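This is what each chain is made of:
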Amino acid sequence: MATASRFVARALQRNSTYLNRLSLELPRRSTCIHGFRHGSTSDPDRETGILKTFQITKADAKPVLSEHHDISFDDRKVLVPWEEGKTSYFQHLWLRDHCQCSKCRHPETKQRLVNTFDLPKNIKPAIVKASGPALEIKWKDGHESSFSWDWLHLHSYSPRLEKYLSPQFHFWGSEIEEKPPEVEYGDVMESDEGVALWTAKIYKYGFCYVNGVPLTPEATKALIERIAFIRETHYGGFWEFTADLAKKDTAYTNLALGVHTDTTYFTDPAGLQLFHLLEHSGGSGGQSILVDGFRAAKMLREENPQAYKVLSNVRIPAHASGNPDSSIQPYAPFPVMNHHPVNGELVQIRWNNDDRATMDRWDDLNDVEMFYDAARAWNAILKRKGTEYWEQLKPGRALIFDNWRVLHGRSAFTGKRRMCGGYVNMDDYKSRLRTLCSDRERLLRAL
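Worth saying up front: this structure is predicted, and the values here are computed from it rather than measured.

Trainee: In this structure, what is going on with the sheet that holds strand 20 (residues 416-424)? I would like to understand it.
Mentor: Strand-to-strand pairing in sheets goes through backbone hydrogen bonds, with the strands running parallel or antiparallel. Ordered in space as 9-10-18-13-20-11, the six strands form an open sheet in which the pairing is mixed. At either end of the open sheet lies a strand with only one pairing partner, and these are strand 9 (182-184) and strand 11 (239-241). With direction set aside, neighbouring strand axes in the sheet form an average angle of 20 degrees. Direction of pairing for strand 10 (residues 207-211) relative to strand 18 (residues 397-402): antiparallel, over a ladder of five bridges. When the bridges of strand 18 are listed, Y209 appears paired with L399. Relative to strand 10, helix 6 (residues 192-205) is tilted by about 145 degrees, and along the sheet it contacts strand 9, strand 10, strand 13 (272-281) and strand 18.

This is the structure:
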């Protein structure tokens, strides 16, 4: 395991510029997500959807060629001048490698067919010209390529013309109980538009209820599969459980559980988790707790930047070893706050103090106290009044949430409590969200 000294002292002292960037680039609060393609109804969220990672800004929104400068090329690159006053440089080898014709890219599978390594290193065009909506290139070997201006503008890398915009999330605290995000089971099961609205709400808020779910495991399983296939784990695929310790995990007890991320012991934690309470009889308790982890991280960053940096760098080992036939551990420990390696955005919370393994790799005794101080500050925010959202789950009302963003827990309970649900991989969920809530042609142009 990487030591705390490496991920605290060095990061804080030598890489302060990068860490300062990390601490400043959490998603900003917004009540909308742009780009949803379906028609509007009385539900305002139906007009919202996924925000593309890269959007065109007002300053350079139109891929229009300059009227005052010509396209040109030399032995190494093609120069495309834009009306906005910028010129894109595209190297010949890059252009030939990204040819969009049917011989170089399969029209059905959208996969590359061109053999990159058969292309001459010093490949050059014979003719380069603007032809209506596209740049036309005839290569010296006779091959012809065509690139639309939209595509060239979108993929310009020198300079980069698209501007990065943070994901548009709606941050929330306990006030969300007044109007939590919800959809109807019938809408989700009857149409892809219903699934689009459902997945968009999960993206925007980090969770969503589904009302009117039949009180059967079969109906609940079918509901999850409207997003994607159910992820198999050591708990099985679709699971149904009570407090019987059939699996050696505290979830299979009636004990209170503090808010946490599920499956931090996997290299790739589960993306979505759905719970459906089928029955609770002969007792009481078992209220669910939800915390918006991204909002809590923002609060920690603003109130205690040092603690935020520590939890962004100290790697915490995790494990699932209760069952005698397994001891699951990720390929490497991960920090609590995990950021996008390119833009610095917070993309994943991994917090589960119950599943934390022994942290015994310390080079400096001060690092031990530094970690515990940071963890204590984080825990205090998670438990702060106004941060926790408490709700009693009810039969027929399923709860689904983004396990990378929303932390969940429950109070202790008595009686028989029968629950079912399952996990969905993050990449499969995002694929469903992306294809339902984005224009297909625009999506493919961005590849």
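Having seen it, we continue.
Trainee: It is not clear to me how the environment of A200 should be interpreted in this structure. Could you clarify?
Mentor: Relative to the elements of secondary structure, A200 occurs in helix 6. Taking the C-alpha atoms as reference, A200 lies 6.7 Å from L433; in sequence the two are 233 residues apart.

Trainee: What am I meant to see in the state of the cysteines here?
Mentor: For the structure shown, the criterion picks out zero disulfides. Cysteine C101 remains unbridged, with the sulfur of C99 as its closest cysteine sulfur at 3.6 Å.

Trainee: Explanation requested: the packing of helix 8 (residues 293-303) against helix 10 (residues 365-382) in the structure shown.
Mentor: The contact between helix 8 and helix 10 brings their axes to 10 Å, and the two run at 130 degrees. Taken together, helix 8 and helix 10 sit at an angle that is classed as oblique. For helix 8 against helix 10, the interelement crossing comes out right-handed. Each of G293, A296, A297, M299, L300 and E303 in helix 8 lies in contact with helix 10, whose residues at this interface are A377, W378, I381 and L382.

Quick notes on the rules
Residues numbered from 1 in each chain as written. Predicted model: local features only at pLDDT ≥ 70, side-chain atom pairs only at ≥ 80, totals over all residues. Heavy atoms only, no water. Pairing = 2+ DSSP bridges. Helix = DSSP H or I, 4+ residues; strand = E, 2+ residues; numbered from the N terminus. Axes fitted to C-alpha atoms, helices over the stretch in contact; angles between N-to-C directions. Contact = heavy atoms within 4.5 Å. Disulfide = S-S within 2.5 Å. Parallel < 35°, antiparallel > 145°, perpendicular 65-115°, else oblique. Left-handed = near helix turned anticlockwise from the far one by under 90°.

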